[in-house]
Amino acid sequence: MCSFDGAPVAAQFTQTLLTDLPMKPFVQQTLERQSWRLEELDALLSAPDVVGNMERFRALSREHAELSELVTLYKQHQQREADLAGAKDMLADADMAEMAQEEIDACESDMARINEQLQTLLLPKDQDDERNCFIEIRAGTGGDESALFAGDLLRMYTRYCESAGLRMELISESESELGGYKEVVMRLIGQQAYGKLRFESGGHRVQRVPATETQGRIHTSACTVAVMPEPDETQAVQINPADLRIDTYRASGAGGQHVNKTDSAVRITHMPTGTVAECQDDRSQHRNRAKAMQVLVARITEAERGVREAKEAAQRKGLIGSGDRSDRIRTYNFPQGRMTDHRINLTLYKLAYIMEGDLGEIIQQLQIARGAQQMAELENVNLD
């Protein structure tokens, strides 16, 4: 069900970085420092001034718990490394050679597995991964067919969220005449919501025969997806209320008779940047305004993040792209039943399942690629 076009960079990175034997020097040096830090934490957590400061005690306890797993694995790796050396010494004895070779194979297998676990734990943590997020799907080129595909993408993400234990909440929608969406914004709530879907940002292209096509010709259309972490209120960008224009109007679409009777829908425009957010899902104008403000802050925050990442990308091209809307990240080819993610050259011939929310394999491969890229960057920094 899975094939790769050529030898993708992501697979090469993963193969060389996560299973290298012996352990890379910069990884070993990092683990030695972490072992020393764990010993230091053992002493600190028993110190009277730390025990008496509950906030500091909790912070150091969390760090201790994280490092304990890392150092335990490192000690296991060192033990298997010693076992490997002993087994190699036994090879010279003809009577023990077969047993020694079995032990060598077992040690190398264990060390590769532990090495992969260690390097995964060493990867920098992105605090945004734990956050709730907003996902925005917008029809692009292709007219009505693009809007219909936006509806298909929404269904795909809805199905995925159901299986992943994430809850979806409608923020705003603009339906097309044929039943799709010109634009729809959802809020995703649950553990690692942003971390699971962060790589969906970008251009999604579809190739298929549209429902409106009478001669059976394949058309190409596109949608853009933006996934934005819900900002931390303590770190969110500060917006001057004087820079906002707030409009109210009557909501349209699904929602019962009430939405057509009162001006409950809210549209907020941040005039300095031209950023717009709206919400029409709730009967309460007050709650719609609060939700719209959340989306507005998320969009402005994401725009600022994009500027920072664009500067970094000018120095090096990210393995899995910038997540910008202009990046074409994926193609869904219905006649061939395949999905191709262009960032990691991953092609899966199970499009029907993917459109029903089976995104696990894609997300896993993208996360592996990201981890491999991070390990390469850590090594480069160490070498510099």
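Before any of the text, the structure's been laid out above.
Cut-offs used in this document
- Residues numbered from 1 in each chain as written.
- Predicted model: local features only at pLDDT ≥ 70, side-chain atom pairs only at ≥ 80, totals over all residues.
- Heavy atoms only, no water.
- Helix = DSSP H or I, 4+ residues; strand = E, 2+ residues; numbered from the N terminus.
- Buried < 20%, exposed > 50% of the residue type's maximum accessible area, 1.4 Å probe, protein only.
- Contact = heavy atoms within 4.5 Å.
- Areas by Shrake-Rupley, 256 points an atom, 1.4 Å probe, with all protein chains shown as cover.
- Pairing = 2+ DSSP bridges.
- Expected span 1.5 Å × (residues − 1).
- 1 Å grid on protein atoms, 1.4 Å probe; cavity = no way out; pocket = protein on both sides within 12 Å on 5 of 7 lines; lining within 4 Å.
- Points joined across faces, edges and corners; volume = space filled by probe spheres on them.
- Nonpolar A, V, L, I, M, F, W, Y, C, P; charged D, E, K, R; others polar.
- Axes fitted to C-alpha atoms, helices over the stretch in contact; angles between N-to-C directions.
- Phe/Tyr/Trp six-rings, centres within 6.5 Å; stacked < 30°, edge-to-face > 60°.
- Lys NZ or Arg CZ within 6 Å of the ring centre and 35° of its normal.
- Patch = residues over 30% accessible without salt bridge, like charges linked within 9 Å, V, L, I, M, F, W, Y side chains within 5 Å.
- Salt bridge = Lys/Arg side-chain N within 4 Å of Asp/Glu carboxyl O.
- Lys, Arg positive; Asp, Glu negative; His and termini not counted.
- Charge placed at Lys NZ, Arg CZ, Asp CG, Glu CD.

Student: Any chance you could break down the overall build of the protein chain for me, citing the residues and the numbers?
Tutor: When you go through the protein chain residue by residue, the secondary structure sums to 10 helices and 12 strands. Looking at the protein chain as a whole, 43% of its 384 residues are labelled buried. Within the protein chain, contacts between residues separated by at least 24 positions form 64% of all contacts whose residues are at least 6 apart in sequence. Working note: accessible area of the protein chain is about 20,400 Å², and carbon and sulfur atoms make up 49% of it.

Student: Could you give me a rundown of the pairing of strand β8 (residues 265-270), with the residues and numbers involved?
Tutor: Among the 6 residues that make up β8, 5 are buried, leaving the element largely enclosed by the rest of the structure. Pairing of strand β7 (residues 244-249) with β8 involves 6 bridges; the strand directions are antiparallel. Note that in β8 the partner of tyrosine 249 across the bridge is alanine 265. As paired strands, β8 and strand β9 (residues 275-279) are joined by 5 bridges and run antiparallel to one another. Bridge pairing in β9 places threonine 269 opposite valine 276.

Student: Go over helix α2 (residues 25-44), please, and point to the residues and values.
Tutor: Taking 1.5 Å as the rise per residue, α2 with 20 residues should run 28 Å; its terminal C-alpha atoms sit 29 Å apart, in good agreement. Along α2, the positions that sit buried rather than exposed are Phe26, Val27, Thr30, Leu31, Ser35, Leu38 and Leu41.

Student: Outline the layout of surface pockets, supporting the account with residue identities and numerical values.
Tutor: Taken as a whole, the second largest pocket holds about 620 Å³ of empty space. Around the second largest pocket, the lining comprises 21 residues; the ones closest to its centre are Thr120, Leu123, Gln367, Arg370 and Gln374. Going through the elements one at a time, α1 (9-18), α5 (97-122) and α10 (360-383) are the ones with two or more residues in the lining of the second largest pocket. The greatest single-element share of the lining of the second largest pocket, amounting to 7 residues, is contributed by α10. Looking at the lining of the second largest pocket, its residues break down into 6 nonpolar, 9 polar and 6 charged.

Student: Could you give me a rundown of the pairing of strand β10 (residues 328-333), with the residues and numbers involved?
Tutor: Extensive coverage of β10 is indicated by the burial of 5 of its 6 residues. Sheet topology places strand β5 (residues 202-208) next to β10; 5 bridges connect them, and they run parallel. Within β10, the position partnered with glutamine 207 by the bridge is asparagine 333. Sheet topology note: the β10/strand β11 (residues 338-341) ladder contains 4 bridges and is antiparallel.

Student: Requested: an account of the sheet that holds β9, with residues and values cited.
Tutor: With respect to topology, 3 strands assemble into an open sheet ordered β7-β8-β9, the strand pairing being antiparallel. Looking at strand neighbours, the two that pair on one side only are β7 and β9, the edges of this open sheet. Direction aside, the axes of adjacent strands within the sheet are offset by 15° on average.

Student: Talk me through the packing of aromatic side chains; I want residue IDs and the actual numbers.
Tutor: By the definition in use, this model includes 1 aromatic pair. Relative to tyrosine 332, the ring of phenylalanine 149 has its centre 5.4 Å away and its plane inclined at 65°; by these criteria the two rings are edge-to-face. Of this pair, phenylalanine 149 sits in helix α6 (residues 143-164) while tyrosine 332 sits in strand β10, placing them 183 residues apart in sequence. There is no split in this pair, since phenylalanine 149 and tyrosine 332 are both buried. In this arrangement the basic side chain of arginine 208 is found over the ring face of phenylalanine 334, its NZ or CZ atom lying 4.9 Å from the centre.

Student: Please give an account of a negative patch on the surface that cites residues and values.
Tutor: Where like charges cluster on the molecular surface, the negative patch consists of Glu98, Glu102, Asp105 and Glu108. Tracing the backbone shows aspartate 105 in helix α5. Classification of aspartate 105 as partly exposed rests on a relative accessible area of 42%.

Student: Please set out α5 residue by residue, giving values where relevant.
Tutor: For α5, spanning 26 residues, the distance from its first C-alpha to its last is 36 Å, which sits close to the expected 38 Å at 1.5 Å a residue. Burial in α5 covers these residues: Ala100, Ile104, Cys107, Met111, Ala112, Ile114, Asn115, Leu118, Gln119 and Leu122.

Student: Got a sec to walk through the environment of leucine 44? Specific residues and values, please.
Tutor: Inspection of the secondary structure assignment puts leucine 44 in helix α2. Remark: the alpha-carbon pair of leucine 44 and leucine 60, spanning 16 residues in sequence, is separated by 8.2 Å. Leucine 44 has contacts with Arg37, Val50, Arg56 and Leu60, leaving out every residue within four places of it along the chain.

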